[in-house]
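Secondary and tertiary structure notes
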Amino acid sequence: MCDTLCSVGPNGTLFAKNSDRPSGEVQLIEAHPPRPQSSATVFAQYLSIPDTGAAACIGARPDWLWGFEHGVNEHRVAIGNEKVFTTLDPHKQPAGLIGMDLVRLGVERARTADDALEVMTELLEEYGQGGLCDQTTGESYFSSFMIADPNSAWIMETSGRTWVAAPVNGSAAISNRLTISREWTKASPDVPQGAEWQDWRHPKAPTGHADVRLASSRRCITESLDEVTPNEVAAHLRDHGRGPWGSPGASVGDVHAPPVTFAIDGTGVSVCMHLRGVQNTTSSMITLLPSDPAMPVRAWVAPGQPCVSIFLPVFLPAVVPAALGDPSVWGRFSRLRDEVERDGQALSQIRAVFAPLESELWAEAAHLANDQGKLQRFVDGAWDRVEHALDALLAEMPTLVSS
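Below or above, wherever it landed, is the structure these notes cover. Everything numeric here is computed off the predicted structure, so don't read it as measured data.

The rules behind these values
- Residues numbered from 1 in each chain as written.
- Predicted model: local features only at pLDDT ≥ 70, side-chain atom pairs only at ≥ 80, totals over all residues.
- Heavy atoms only, no water.
- Helix = DSSP H or I, 4+ residues; strand = E, 2+ residues; numbered from the N terminus.
- Rg over C-alpha atoms; globule rule 2.2 N^0.38 Å.
- Buried < 20%, exposed > 50% of the residue type's maximum accessible area, 1.4 Å probe, protein only.
- Contact = heavy atoms within 4.5 Å.
- Pairing = 2+ DSSP bridges.
- Expected span 1.5 Å × (residues − 1).
- Polar contact = N/O pair within 3.5 Å; in protein donor to acceptor, adjacent residues only side chain to side chain.
- 1 Å grid on protein atoms, 1.4 Å probe; cavity = no way out; pocket = protein on both sides within 12 Å on 5 of 7 lines; lining within 4 Å.
- Points joined across faces, edges and corners; volume = space filled by probe spheres on them.
- Nonpolar A, V, L, I, M, F, W, Y, C, P; charged D, E, K, R; others polar.

Looking at the overall build of the protein chain
Within the protein chain, the regular secondary structure consists of 8 helices and 17 strands. The C-alpha radius of gyration computed for the protein chain amounts to 20 Å, which stays within 12% of the reference 22 Å derived for 403 residues, consistent with globular compactness. The buried share of the protein chain, taken over its 403 residues, is 60%. In the protein chain, of all internal contacts separated by at least 6 residues, the share reaching a separation of at least 24 is 67%.

Here's what the structure looks like:
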């Protein structure tokens, strides 16, 4: 389960995603350099395809997958995906591309949102969707996608090789259900003109778990008096069901412990996911795609659960701490999550350390010029400070030291 949103404004687009995956699954955050076109092939998860080259990009991926849960490239294109349930059985499909493959291929090959939509739909129609998507449960599934650039965005929803796409008018959010009805403007050849896309939704698939989070995301992007800010989105991505909290730059204030129980109707299901022992948010990203080409592309990435992590400022094309690609680093943040799920009061102790540091890093990053050397030095130093704070927290928690 995941939640993705975007808001297209006069100065650019704000894009964000919480990636929800099995609780013990490691998710890595990596920078990838550009790759020239070659006569070689790209080895996606279950098949290889011709290599057309790749843009420099930042992506988050489960450590056993080739593809991305979400990513952004040097051309200011950001993409994220969601699991959806349709009338077609994904387990009966032959090996093809999976949703995470399509995210990565779109990020690697596109220069605009329109370009990404074309790249992804052509690949989808040629290779289809098929293959294991969740190693823990043995589940296969189809995906919906949010695709954005500084000036526009698309929602694309799929069922096997079949797809529809609707342009985003200002702002939009997606979660783990089909959201498009008849407003689609592009579709695969097998979708009749004017068709109701909800007819492709699996009639027995529950939507309560998605509806609660979708409503929260839509409030985040529509209730702001002005353009929604990265700070507001960070607070939204930490929502434990009682509303946004933990905005970078704000005082620590109230700390909302995660829900303890959950139900199929959406009770206890929150944007910052804590389905204990089943699903958790395992990585988050916020990115600002400015329409001014002189402005740097900024992103803020949180390894692990955003409530027990820091949204670390990073920059395109590839200014990311190498440590975020180390599985052991993800594991250390997950130990903080486990402690909070054991004792909700521990979250106040964690935020007392992380919140002031996060605010400092955001304030310092806001004034940086678009100089790759200076940006790299800032990010390296920022990670050293985060790691020091993480070490201190782990040392202070006896149950974590002994685990």
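And the narrative resumes.
Some thoughts on the pairing of strand β7 (residues 70-73)
The alternating pattern of β7 places H70 and V72 and G71 and N73 on opposite faces, both of which are buried. The sheet contact formed by strand β6 (residues 57-62) and β7 spans 4 bridges and is antiparallel. Its bridge partner being in β7, G59 is matched across the sheet by G71. Both β7 and strand β8 (residues 78-84) contribute to a ladder of 3 bridges, which runs antiparallel. Within β8, the residue paired with G71 across the bridge is I79. Once β7 ends, the chain turns through 4 residues before running back antiparallel as β8, passing R76 with a positive phi of about 75°.

Observations concerning helix α7 (residues 372-396)
Over its 25 residues, α7 extends 36 Å from the first C-alpha to the last, a length consistent with the 36 Å expected when each residue adds 1.5 Å. Those residues of α7 that sit buried are L375, F378, V379, A382, W383, V386, A389, L390, L393 and L394. Its side-chain oxygen at 3.0 Å from the backbone nitrogen of G373, D371 defines the N-terminal cap of α7.

Some remarks on unusual backbone geometry
Note that the residue after L316, namely P317, is joined by a cis bond; omega there is 15°. You can see P317 is positioned in the loop between β17 (312-315) and α5 (327-342). Even without being a glycine, R76 presents a positive backbone phi close to 75°. By secondary structure assignment, the location of R76 is in the loop between β7 and β8. For R76, a relative accessible area of 13% corresponds to the buried category.

Overview of the pairing of strand β11 (residues 162-167)
Within β11, 5 of the 6 residues are buried, which leaves the element mostly enclosed by the surrounding structure. Judged from the 6 bridges that link them, strand β10 (residues 153-159) and β11 form a sheet pairing that is antiparallel. Counterpart to I155 in the pairing with β11 is A166. Between the end of β10 and the start of β11, which pair antiparallel, lie 2 residues, with G160 showing a positive phi angle near 65°. Note: β11 against strand β13 (residues 186-187), 2 bridges, orientation antiparallel.

Quick look at the side chain of K17
For K17, the location among the structural elements is in strand β2 (residues 12-22). Only 2.7 Å separates the side chain of K17 from the backbone oxygen of E69, close enough to count as a polar contact. There is a polar contact of 2.7 Å between the side chain of K17 and the backbone oxygen of N81.

A short note on the layout of surface pockets
Considering only enclosed or pocket space, the largest pocket measures out at about 270 Å³ in volume. If you go around the largest pocket, you meet 15 residues; those closest to its centre are P230, L288, R298, W300 and A366. Secondary structure elements with two or more residues in the lining of the largest pocket: α4 (230-237), β15 (279-290), β16 (298-303), β17 and α6 (346-365). Counted by class, the lining of the largest pocket contains 13 nonpolar, 1 polar and 1 charged residues.

So, empty space enclosed by the protein
Summed over all chains, the structure comprises 3 cavities of 30 Å³ or more. Of the pockets and cavities examined, the largest cavity occupies roughly 100 Å³. Looking at the lining of the largest cavity, the elements that each hand over two or more residues are β2 and β8. Of the residues in the lining of the largest cavity, the class split is 4 nonpolar, 2 polar and 7 charged. The space that makes up the second largest cavity amounts to roughly 70 Å³. What lines the second largest cavity is simply W245, G246, S247, P248, A250, S251, V252, R351, A355, E358 and S359. Class assignment for the residues of the lining of the second largest cavity results in 5 nonpolar, 4 polar and 2 charged.

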